[in-house]
Amino acid sequence: EWYSRYYCTSEISKIKNSNNSSNKEIAVITGGTRGIGYAISQKFAQNGIRCVILGRNKETIENSIKNIMMINDLEHVGMVCDVRNYGETVNVCENISKLGSINYLINAAGISSDNLVVKLKEQEINNIIQTNLLGTIFMCNNIVKYMIKQKQGGCIINISSVIGIDGNVGQSVYAASKAGIIGYSKSLAKELGSRNIRVNIIAPGFIETDMISEIPENKKEIIKSNTALNRFGKPEDIADAASYLAKAQFVTGQILIVDGCLNI
Ligand code: NDP
């Protein structure tokens, strides 16, 4: 099963024994196949960190891995993992721990599904909460156990949203899932500080990815004009913030808002 759920451009034995990768820091990135998670993977790879990219689809994972492999000669790894499935997160995290010490966890997997409260159906509500909130909790709970055992500290970055702080019309459940991430992460930071495991939150504003592609053009212009910088963010803007938090050794339990000074 370990092999069947494991996809990479190289052989497992080579990965495990590869000299150039065995002593490198490891970052696990959910949602690393596209958008913000992919930009973070690129940035971390540029910083000499080995990336383990998780997503739901073998082909998109392989594509991301191939691109990231071009940045340096580290053995980056991809694994299929639907973060809504607790059993799957347990197995995948156990497999990742076989690669070496896990230094970073970035939870960027997420979905948005906008609907007015009166129109929301049970399945839609469950899917948003399961992916955004439970997915983040499942991954943290599993990875933290390995970080504690490894006794080398660690850094967790959970991607929330400014909508989780301010709320928004048509985004009540999304906002609830993102607000939940904040409460959970701040609690983890307090619980794990004594082990030098830092937990921070990034709250992006509107970032140019697939997630916002369905916003009508006229609405996009209004949103842009409501930012001080008069633009959407780029996935790289969030990757820069993640890179800062990865290095900031005295920062934990904080929300870093990256929204170009958005006035919703
Ligand atoms: P994208 O839609 O571009 O990417 C979403 C990523 O999440 C994909 O890699 C997708 O992987 C992964 N994903 C979705 N569902 C699951 C699942 N069940 N299991 C595993 N992976 C899953 O979105 P963004 O990059 O824009 O968003 C990344 C994060 O940033 C999200 O949490 C989002 O809420 C948050 N955010 C985004 C903002 C924006 O304006 N774009 C603003 C504020 C916050 P795949 O489909 O390949 O399986």
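An account of unusual backbone geometry is needed here, citing residue identities and associated values.
At Asn 230, a residue that is not glycine, the phi angle is positive and equals roughly 55 degrees. Of the residues examined, Asn 230 reaches a relative accessible area of 52% and is grouped as exposed. At Cys 261, a position not held by glycine, the phi torsion is positive, near 60 degrees. Of note, Cys 261 is situated in the segment after β8 (255-258).

Give me the lowdown on the environment of Phe 232, citing residues and values where you can.
Here Phe 232 shows up in the loop between α9 (217-225) and α10 (235-247). In the structure, Phe 232 is positioned 28 residues away from Gly 260 in sequence and 7.7 Å away in space, judged by C-alpha atoms. If we ignore the near neighbours within four places in the chain, the residues touching Phe 232 are Phe 206, Glu 208, Ile 212, Lys 220, Ile 223 and Lys 224.

Report on the site of the ligand, specifying residues and quantitative values.
By nearness alone, 30 residues border the ligand, and Thr 33, Arg 34, Arg 56, Tyr 174 and Thr 209 come closest of all. Arg 34 is positioned such that a nitrogen or oxygen atom in its side chain is 2.7 Å from an oxygen atom of the ligand. Take Lys 178: an N or O atom from its side chain is 2.8 Å from an oxygen atom of the ligand. When isolated, the ligand has an accessible area of 890 Å², and the protein chains bury 96% of it. Taken together, the elements giving at least two residues each to the shell around the ligand come down to α3 (35-46) and α8 (172-192). Of the residues contributing to the shell around the ligand, the split by class is 13 nonpolar, 11 polar and 6 charged.

I'd like to hear about helix α5 (residues 86-97), residue by residue, with values.
Under the 1.5 Å per step criterion, the end-to-end length of α5 is 17 Å for 12 residues, consistent within 8% with the ideal 16 Å. Residues of α5 that are buried make contact with β2 (26-30), β3 (50-55), β4 (77-80) and α6 (122-150). Residue Asn 85 occupies the N-cap position of α5, its side-chain oxygen lying 3.1 Å from the main-chain nitrogen of Gly 87.

Calculation rules
Residues numbered from 1 in each chain as written. Predicted model: local features only at pLDDT ≥ 70, side-chain atom pairs only at ≥ 80, totals over all residues. Heavy atoms only, no water. Buried < 20%, exposed > 50% of the residue type's maximum accessible area, 1.4 Å probe, protein only. Helix = DSSP H or I, 4+ residues; strand = E, 2+ residues; numbered from the N terminus. Contact = heavy atoms within 4.5 Å. Near = heavy atom within 4 Å. Polar contact = N/O pair within 3.5 Å; in protein donor to acceptor, adjacent residues only side chain to side chain. Areas by Shrake-Rupley, 256 points an atom, 1.4 Å probe, with all protein chains shown as cover. Nonpolar A, V, L, I, M, F, W, Y, C, P; charged D, E, K, R; others polar. Expected span 1.5 Å × (residues − 1).

Structural measurements only, silent on function.
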